[in-house]
Amino acid sequence: MEKIKVLIADDHLLAQQGLRRILEREADIECVAAAKNGERAVELVRKHLPDVALIDVAMPVMNGIEATKAIKTSCPNTAVIILSAYDYDHYVRACVEAGASGYLLKSDLLPRRLVNAIRTVYSGTNVFDRKAGEIMRRMAISKGKKGPDSEELRSRELQILKLVIKGMSNKEIASELHISEQTVGTHLANIFKKLGVQSRVEAMLYALKKGWDSLNEPGCE
């Protein structure tokens, strides 16, 4: 079985050890490295190329937001889940803009939820807890970015984008629409280009801002 490689970054040793113990109980997950500050986390990500990095938002030397930016720049295939004690709007916004695939509050973090979140982002889907999701929706509504209207997307592209908003992975979308994962990926690349975005999170925020999640289901082309 191919294991999901995970890096942990937290400046509190007890928290770091607790996360490691949770992961060690899972047959399909392997903790490959641990760091106590953001700068070291970036170094270890570049060395070990983990599939997922669990990053504490508040760390010395380099905080989790800056570390996420650096990780996504040098190792874009590593998905980052931010673990935070704060549900402030500006923290969530900054982490999303830095390229994080997930934002989970430590106060609500149960072992099973953490493990499921790791598997989810590994599959290509974003994970944001309820409070962070509400903040993202407010961000999307208030953001004044101009761009194309839904009419400029093909019916199939809009259909796929609506499924992305629902949190479905490429594999799940392919199954839902009876098309291949490669076709889903091609459509997503076209969607990103038309919207002028670089990731699923940015595309989702853009669509929510435009209210496309409430549009009538389009036909297929």
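Look a little higher up for the structure.
Residues numbered from 1 in each chain as written. Predicted model: local features only at pLDDT ≥ 70, side-chain atom pairs only at ≥ 80, totals over all residues. Heavy atoms only, no water.

### Digging into the nonpolar core
Then, number 1: In this structure, Leu-7, Ala-9, Ile-55, Ile-82, Cys-95 and Tyr-103 are the most contacted members of the largest nonpolar core, which totals 29 residues.
Then, number 2: Listed in part, the 22 residues of the second largest apolar core include Leu-158, Leu-161, Val-184 and Leu-195. (Core = buried A, V, L, I, M, F, W, Y, C linked by side-chain atoms within 4.5 Å. Buried < 20%, exposed > 50% of the residue type's maximum accessible area, 1.4 Å probe, protein only.)

### A word on the pattern of salt bridges
Then, number 1: Counting across every chain of the model gives 8 salt bridges.
Then, number 2: Two residues, Glu-26 and Arg-112, come together in a salt bridge whose shortest N-O distance is 3.2 Å. Placement of the pair is Glu-26 in the loop between helix H1 (13–24) and strand E2 (29–35) and Arg-112 in helix H5 (residues 111–122), with a sequence separation of 86 residues.
Then, number 3: You can call Glu-26 buried: its relative accessible area is 12%.
Then, number 4: Among the salt bridges present, the one from Glu-66 reaches Lys-69, with a minimum N-O distance of 3.5 Å. Of this pair, Glu-66 and Lys-69 both sit in helix H3 (residues 64–74), 3 residues apart, which is roughly one turn of the helix.
Then, number 5: One network of salt bridges, with partners in common, ties together Glu-26, Asp-28, Arg-112 and Arg-119. (Salt bridge = Lys/Arg side-chain N within 4 Å of Asp/Glu carboxyl O. Helix = DSSP H or I, 4+ residues; strand = E, 2+ residues; numbered from the N terminus.)

### Comments concerning the side chain of Thr-78
Then, number 1: Structurally, the position occupied by Thr-78 is in the loop between H3 and strand E4 (79–84).
Then, number 2: Beyond its immediate sequence surroundings of up to four residues, Thr-78 is in contact with Val-45, Leu-49, Pro-50, Asp-51, Val-52, Ala-53, Ile-71 and Lys-72. (Contact = heavy atoms within 4.5 Å.)

### Some points on H5
Then, number 1: Counted at 1.5 Å a residue, the expected span for H5 with its 12 residues is 16 Å, and the 17 Å between its end C-alpha atoms agrees.
Then, number 2: Looking only at H5, the buried set comprises Leu-114, Val-115, Ala-117, Ile-118 and Val-121. Seen along its axis, H5 keeps its buried residues to an arc of 155°; they face one direction.
Then, number 3: Of the residues trailing H5, Gly-124 is marked for its positive phi of about 105°. (Expected span 1.5 Å × (residues − 1). Arc of directions from axis to C-beta.)

### With respect to the packing of H1 against H5
Then, number 1: It is at 10 Å that the axes of H1 and H5 come closest, and there the two elements cross at 70°. When the axes of H1 and H5 are compared, the pair comes out roughly perpendicular. Judged by residue contacts, Leu-19, Ile-22 and Leu-23 of H1 engage Pro-111, Leu-114, Val-115 and Ile-118 from H5.
Then, number 2: When the residues that make up the contact of H1 with H5 are grouped by side-chain class, the tally is 7 nonpolar, no polar and no charged. (Axes fitted to C-alpha atoms, helices over the stretch in contact; angles between N-to-C directions. Parallel < 35°, antiparallel > 145°, perpendicular 65-115°, else oblique. Nonpolar A, V, L, I, M, F, W, Y, C, P; charged D, E, K, R; others polar.)

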